[in-house]
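An overview of the molecular structure
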Amino acid sequence: MAAEAAFKDIPEIFELELGESLVARTEALSTFRELGPPDLCHVVKSTGRAGQRDLGSYHYVSGIDTSSSASLAAYINSLTYSIEESQAWFSKGPVWKVKNGCFCCFDAFSRVDVRVDVKIPGGVVAYVIDLRGERHEATPEIWQETYLSAILRAILYSDDPTYFLEAYRRLEPISTPDAELRFLQAAEALFMKGWQVGSDPEIQVATVVSNHLTAGIVKYFGDSGRWQHAANLFEKLAVREPEVASLLARSYIGMNEEVKAVQIMATAMKQTPQSYLLLHTQCDFLRSKGKHEWALKLARQAVNCAPSEFVTWEKLTDIYIDLGQFESALLTLNSCPMFTFNGRDAHRNITAARLHLPIKAAVAEILPEREKTEDDEADPALQRLPAPGLRGTWARAYSLLTRLVSQIGWDELLKTRSAVFVMEEEYRMQKAHADIAAVTRDDADVDDDASTRGVHAPPSTSQVGSPVSSVGPSPTSPTIAPTEDVENSIPTIRISTESARNRETAEREQEAAAAAAAKVNGAEKVNGGPAVDGPRPPVQAAAGESDQEGAESAQSGGHGVQEAFSFSNKRLCERWLDNLFMVLYEDLRVWTIFRAEVAHFKTQHVAYRKTGLEWEILGDLGIRLHHKEEAKEAFQRALDTPRYSIKPWAKLLDMYADEGDLTRTLQAGIRVAAYQYGEYSELAYPTQIARSFFKLEQIHGHAKIWNTLLSMGLPDPILHVMQAYLQYGQRFKVEGFDF
C-alpha cells in the first residue's frame with residue numbers, strides 16, 4: 001500500500017509522524033550560519049477513505065524558481081502527476097493523491113525561512129518563519145532575497161562531492177538567457193548585502209567583494225568562460241564600490257583583455273591601496289607572466305593589509321615556493337592563521353519510516369549493480385590515513401606542504417624544517433644548559449662555607465618521558481652527544497600539559513615501536529615482497545607552552561655555555577604544522593610502500609591486485625602528493641572492478657579534459673553523467689561534465705564533439721542526457737559553439 005503512494009521517478013523519505021520534517025527544520029533554523037540547506041518539499045498523501053491514515057513524505061530540491069509563491073505552488077502541483085499507479089490487474093487498490101504540500105526555502109540574507117502551503121484543491125498561502133519560529137508576512141524584498149539565495153545554493157552545491165543528502169533532487173537553476181538576466185538583476189540589487197550570506201571557510205571575515213554571492217557569480221560565468229557578462233555587472237558595481245575593481249580586472253583577464261585589466265588595477269590601486277584582493281589579482285597576473293619577484297612584493301604588501309586572513313599568507317607561501325625560497329616558505333606557512341572549519345549548512349537527520357529511491361531506467365544498463373561487494377573493503381592502514389579528513393584552511397595548508405615536498409623531497413624538507421624551527425632535542429639541551437648556568441651563578445654568589453651553602457642539584461630524570469614522535473632522532477636534525485654528568489642532570493621538560501597532546505604522543509610512540517618491531521635489518525617486509533626503505537619519520541619540533549616560554553629559554557640560553565646552535569634565528573613550530581608533518585609522513589610512507597610493491601610485482605611478472613576502494617584511496621593519495629600519472633593509473637585500475645562508485649570516473653574526466661583527449665573525455669563524461677542522473681541530478685550547468693566539455697569545445701568545436709557522441713552508438717536515453725550539456729553551450733553561446 002505504501003509502495004503505491006510513492007512517486008515514480010522522484011526520491012522521497014517517508015515520515016514516522018506527519019509533519020515531523022517541518023518541525024525539525026523550524027527547530028534547526030537558528031543553526032544555519034550561511035547559505036542554508038537545500039529547499040525542503042513536504043507533501044501529504046491521502047486516499048480520501050475514512051479510517052485510512054494519511055502519509056507524509058519529503059525530499060530536498062535545488063534549482064526551483066523561488067521568486068514567487070506561484071512558481072513554488074506549480075512545482076508542488078507537478079508532483080500530483082508523478083504518483084505511482086497501481087500495477088494490480090485483478091484488484092483495484094486505494095488511489096493515493098497529493099492532499100497538500102509545503103515548500104520551504106531559506107533566505108540567507110534576512111535569515112528567515114520562506115514557506116508556501118498548498119492545498120489541493122484549494123488555495124496557496126505564503127508566509128515567513130523567523131529564527132524564533134514566529135510567523136510573518138512575505139514581502140517583495142524577502143522574495144527577491146529568497147530567489148537569489150536559492151540560485152546561489154544551486155550553483156555552489158551543484159558539484160560539491162563532500163555535500164551529500166539522501167533524496168536530494170538537483171534541477172537546472174538557470175535554463176534560459178532570460179533567467180540568467182533575472183539572476184544578474186537580482187545580484188546587482190543585492191550585491192552590497194552579499195557579505196551577509198557568509199563566505200568560504202578559508203575567509204575569516206566576509207566582505208562586499210569576498211563572499212558566497214561573488215563566489216557564485218565568478219563560478220557561474222568563469223566555468224563557462226563567459227566573463228563578459230560578469231564584467232558588465234562589475235562595471236556597474238565598481239562605480240558604487242571601488243573594491244569591486246579586483247573582480248572587474250579578473251573578469252577582463254579571463255576575457256584576454258589584459259591591457260584593460262592592468263589599467264583598471266592601476267587606477268584602483270590609487271583609490272583602494274589596502275585591498276588585498278586587488279593585490280592578489282595583480283600577483284596572479286604577474287605570476288602568469290613569470291614575474292615572481294614582482295609578485296612577491298605585492299604578496300608581502302597583501303599580508304600587511306590583511307594579516308589575519310589565511311589567504312594572504314597562503315599566497316605569499318606559494319610565491320616563495322615558486323622562487324625556490326623554501327625556508328621562507330616554511331616560516332610563512334607556520335605563520336598562517338588557522339580557522340575552525342564550518343561545513344555547509346544541512347538539515348538535522350530524523351528517523352525515517354522508509355526511503356524511496358527509484359532507479360532511473362534510462363541509465364541503469366550502463367552502471368554496475370548497486371550492492372556491497374568485497375571491492376567496497378580496503379586495508380585498514382589505507383582507511384586510517386588522516387589527510388582525506390582535512391578540511392578548510394587545514395587542507396589548503398597541507399596542499400602547500402605537499403607542493404614543497406614534491407619539489408625538494410622529504411629529506412631536504414626535514415633539513416629545511418630543522419634549520420628554521422627549534423627541534424625538541426635542541427630545546428631540551430638548551431634548557432638543561434640554562435639550568436646548569438643558573439646553578440653555577442647561584443653557587444658563585446653565596447659564601448664558600450660548605451656548612452651554610454645549600455647543595456643545588458637538578459633532579460635526574462630519564463628522557464624516555466619526553467614527547468618525541470619518532471623512534472629515533474632524524475639524521476637531518478642537529479644532535480649533541482651530552483657527557484654523562486650533563487645527561488644525568490637534564491630535567492624532564494614537558495612541552496605541553498594538554499592531555500590530548502599526551503595521548504597523541506603515546507599513540508605515535510606505540511605506532512613507531514610497532515613499526516620498528518616489524519622491521520628486518522632496518523627495512524620493512526611488505527606483503528611478502530621486498531624490504532622497503534620508507535621515508536624517515538620526523539623528529540617532533542619543540543612547541544612551548546607559549547611564545548613567551550620560547551623567548552625566555554632563548555634569553556636564558558644566551559648567558560650560559562657557548563652552544564653549537566642558537567635560538568636567535570629559529571622559531572617555534574606551531575602544533576598544527578607539526579601535526580601536518582606527521583600526516584605527510586603517513587602519506588609518504590604508504591605511497592613509498594605501494595610503489596615498491598608495484599615495482600616488485602612487475603619484475604616478478606605477477607598481477608598486482610587491490611580492491612576497487614583501495615585503488616581509489618591510492619589514486620587520491622597520488623593526486624595529493626602530485627604524482628599525476630601514477631594516480632591516473634590507479635584510477636584506471638579501479639575501473640576494472642565492479643564497484644559502484646563515481647569517483648574514479650570523475651577524477652579521470654578532469655585529467656582527460658586537461659589533456660584535451662576527446663574520446664576518453666566523452667567516455668568518462670558518459671559514465672559520470674549516468675551516475676549523477678541516477679542520483680537525481682538533472683542539471684546541465686554548472687557541473688563538472690559541462691566544464692570538461694567546454695574545455696573541449698574551445699579546442700575541437702561543438703560539431704566534432706556531437707558527431708563523436710553520435711558515432712559511439714549510445715542508447716537513446718543516454719544520448720538525450722549527454723545532449724543536454726551540449727545544448728546548454730549552444731543556448732548560452734559558450735566559446736566553440738559555432739564551429
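Residues numbered from 1 in each chain as written. Predicted model: local features only at pLDDT ≥ 70, side-chain atom pairs only at ≥ 80, totals over all residues. Heavy atoms only, no water.

Overview of the overall build of the protein
Looking only at helices and strands, one finds 28 helices and twelve strands in the protein. Here the protein holds 739 residues, and 50% of them are scored as buried. Counting only contacts in the protein whose residues sit at least 6 apart along the sequence, the fraction spanning at least 24 positions is 74%. (Helix = DSSP H or I, 4+ residues; strand = E, 2+ residues; numbered from the N terminus. Buried < 20%, exposed > 50% of the residue type's maximum accessible area, 1.4 Å probe, protein only. Contact = heavy atoms within 4.5 Å.)

Some words on empty space enclosed by the protein
Under the counting rule described, the total for this entry stands at five cavities of 30 Å³ or more. Roughly 70 Å³ of internal volume is contained in the largest cavity. Secondary structure elements with two or more residues in the lining of the largest cavity: helix H1 (20–28) and strand E3 (55–62). Considering every element that reaches the lining of the largest cavity, the biggest residue donor is H1, with four residues. Tallied by class, the residues present in the lining of the largest cavity amount to six nonpolar, two polar and two charged. (1 Å grid on protein atoms, 1.4 Å probe; cavity = no way out; pocket = protein on both sides within 12 Å on 5 of 7 lines; lining within 4 Å. Points joined across faces, edges and corners; volume = space filled by probe spheres on them. Nonpolar A, V, L, I, M, F, W, Y, C, P; charged D, E, K, R; others polar.)

Some remarks on the environment of Ala249
Counting through the fold element by element, Ala249 comes out in helix H7 (residues 245–254). Spatially, the C-alpha atoms of Ala249 and Gln263 are 8.7 Å apart, while their sequence positions differ by 14 residues. Once residues lying within four places of it in the same chain are set aside, the contact partners of Ala249 are Ala261, Ile264, Met265 and Thr281.

Digging into the pattern of salt bridges
Tallied over the entire structure, the rule returns 41 salt bridges. Linking Asp159 and Arg691 is a salt bridge whose minimum nitrogen-to-oxygen distance equals 2.7 Å. Here Arg691 lies in helix H26 (residues 688–700) and Asp159 lies in the loop between helix H3 (140–156) and strand E8 (168–170), a separation of 532 residues in the sequence. Residue classification places Asp159 among the partly exposed positions, given a relative accessible area of 23%. Its salt-bridge partner being Lys289, residue Glu258 comes within 3.0 Å of it at the nearest N-O pair. Here Lys289 lies in the loop between helix H9 (276–288) and helix H10 (292–305) and Glu258 lies in helix H8 (residues 258–271), a separation of 31 residues in the sequence. A relative accessible area of 43% means that Lys289 is categorised as partly exposed. (Salt bridge = Lys/Arg side-chain N within 4 Å of Asp/Glu carboxyl O.)

Re the environment of Gln383
Relative to the elements of secondary structure, Gln383 occurs in helix H14 (residues 380–383). Separated by 234 residues in sequence, Gln383 and Ile617 have C-alpha atoms that sit 7.8 Å apart. Beyond its immediate stretch of four places on either side in the chain, Gln383 contacts Ala378, Leu613 and Ile617.

With respect to the pairing of strand E1 (residues 12–15)
Side chains Glu12 and Phe14 of E1 all project onto a buried face; the interleaved residues Ile13 and Glu15 project onto the opposite face, where all are buried too. The pairing of E1 with strand E9 (residues 352–356) spans four bridges and is antiparallel. Looking across to E9, one finds that Glu12 is bridged to His356. Note that E1 and E3 share two bridges and pair antiparallel. Its bridge partner lying in E3, Ile13 is registered against Tyr58. (Pairing = 2+ DSSP bridges.)

Brief notes about the confidence of the model for the protein
Confidence in the prediction for the protein averages 83 pLDDT; 82% of positions are at 70 or higher. Contacts for the low-pLDDT stretch residues 449–503, under 50 throughout, to residues beyond four places or in other chains number 92 contacts. This model gives residues 544–564 a pLDDT under 50, and the stretch forms 23 contacts once residues within four places in sequence are excluded. (pLDDT = per-residue confidence, 0-100.)

Here we look at the packing of aromatic side chains
Taken as a whole and assessed by the stated rule, the structure comprises 22 aromatic pairs. Ring plane angle 80° and centroid distance 6.5 Å describe the contact between Tyr163 and Tyr168, whose orientation is recorded as edge-to-face. Side by side, Tyr163 and Tyr168 carry an identical accessibility label, which is buried. Geometrically, the ring pair formed by Phe191 and Phe234 is edge-to-face, given 6.5 Å between the ring centres and 65° between the ring planes. Of this pair, Phe191 sits in the loop between helix H4 (177–190) and helix H5 (212–222) while Phe234 sits in helix H6 (residues 227–240), and the two are 43 residues apart along the sequence. Put simply, the rings of Phe183, Tyr220, Phe221, Tyr685, Phe694, Tyr728 and Phe732 pair up and form one aromatic cluster. The positively charged end of Arg182 is found above the aromatic ring belonging to Tyr147, 4.8 Å away from the centroid. Seen from the ring of Tyr677, Lys360 lies directly overhead, with NZ or CZ sitting 4.9 Å from the centre. (Phe/Tyr/Trp six-rings, centres within 6.5 Å; stacked < 30°, edge-to-face > 60°. Lys NZ or Arg CZ within 6 Å of the ring centre and 35° of its normal.)

Quick word on unusual backbone geometry
Residue Ile120 is joined to Pro121 through a cis peptide bond whose omega torsion reads -10°. Residue Pro686 is reached from Tyr685 by a cis peptide bond, and omega for that bond is 0°. Here Pro686 is to be found in the loop between helix H25 (662–678) and H26. Positive phi is not limited to glycine here, since Tyr680 has a value of about 70°. Assignment of secondary structure puts Tyr680 in the loop between H25 and H26. Its relative accessible area of 5% is what places Tyr680 among the buried residues.

What to know about the environment of Phe326
In this fold, Phe326 is placed in helix H12 (residues 326–334). Sequence spacing of Phe326 and Arg417 is 91 residues, and the spatial spacing of their C-alpha atoms is 9.5 Å. Not counting residues up to four positions away in its chain, the partners in contact with Phe326 are Ile321, Leu404, Gln407, Ile408 and Thr416.

Notes on the state of the cysteines
Summed over the entire model, instances satisfying the criterion amount to zero disulfides. For the unlinked cysteine Cys105, the closest cysteine sulfur is that of Cys104, found at 9.0 Å. (Disulfide = S-S within 2.5 Å.)

Side note on the nonpolar core
Membership of the largest hydrophobic core comes to 98 residues, with the highest contact counts inside it found for Leu148, Phe183, Ile217, Tyr220, Phe234, Met722 and Tyr725. Of all the elements, H25 adds the most residues to this core, at eight residues. Ignoring sequence-local partners within four residues, the contact set of Phe183 consists of Tyr147, Leu148, Ile151, Ile155, Ile174, Ile217, Tyr220 and Phe221. One finds Ala387, Val539, Trp576 and Met582 within the second-largest nonpolar core, a separate group that totals 69 residues. (Core = buried A, V, L, I, M, F, W, Y, C linked by side-chain atoms within 4.5 Å.)

Quick look at the side chain of Thr47
Note on placement: Thr47 falls in the loop between strand E2 (39–46) and E3. When residues no more than four places from it in sequence are discounted, the contact partners of Thr47 are Gln52, Pro94, Val95 and Trp96.

Here's the deal with helix H28 (residues 716–731)
Over its 16 residues, H28 extends 21 Å from the first C-alpha to the last, a length consistent with the 22 Å expected when each residue adds 1.5 Å. Ala724 marks where H28 bends most, by close to 25°. Turning to H28, its buried residues are Ile718, Leu719, Val721, Met722, Tyr725, Leu726, Tyr728 and Gly729. Where the residues of H28 are buried, they touch H5, helix H13 (361–364), H25, H26 and helix H27 (702–711). Positive phi appears at Lys733, one or two residues downstream of H28, with a value of about 55°. (Expected span 1.5 Å × (residues − 1). Bend = angle between axes of the 7 residues up to and from the residue.)

A short note on the packing of H25 against H28
Interhelical geometry of H25 versus H28 gives an angle of 100° and a closest axis separation of 10 Å. Considering their axes alone, H25 and H28 lie roughly perpendicular with respect to each other. Side by side, H25 and H28 meet where Gly669, Ile670, Ala673, Gln676 and Tyr677 of the first sit next to Ile718, Val721, Met722 and Tyr725 of the second. Here the residues of the contact of H25 with H28 are counted per class, giving seven nonpolar, two polar and no charged. (Axes fitted to C-alpha atoms, helices over the stretch in contact; angles between N-to-C directions. Parallel < 35°, antiparallel > 145°, perpendicular 65-115°, else oblique.)

Digging into the packing of H10 against helix H11 (residues 310–323)
Axis separation between H10 and H11 bottoms out at 9 Å; the angle between their running directions is 160°. Judged by the inter-axis angle, H10 sits roughly antiparallel to H11. H10 and H11 meet at a crossing whose hand is left-handed. Every residue of H11 that contacts H10 at His292, Glu293, Ala295, Leu296, Ala299, Arg300, Ala302 and Val303 is listed here: Thr312, Trp313, Leu316, Ile319, Tyr320, Asp322 and Leu323. Of the residues belonging to the contact of H10 with H11, the class tally is ten nonpolar, two polar and three charged. (Left-handed = near helix turned anticlockwise from the far one by under 90°.)

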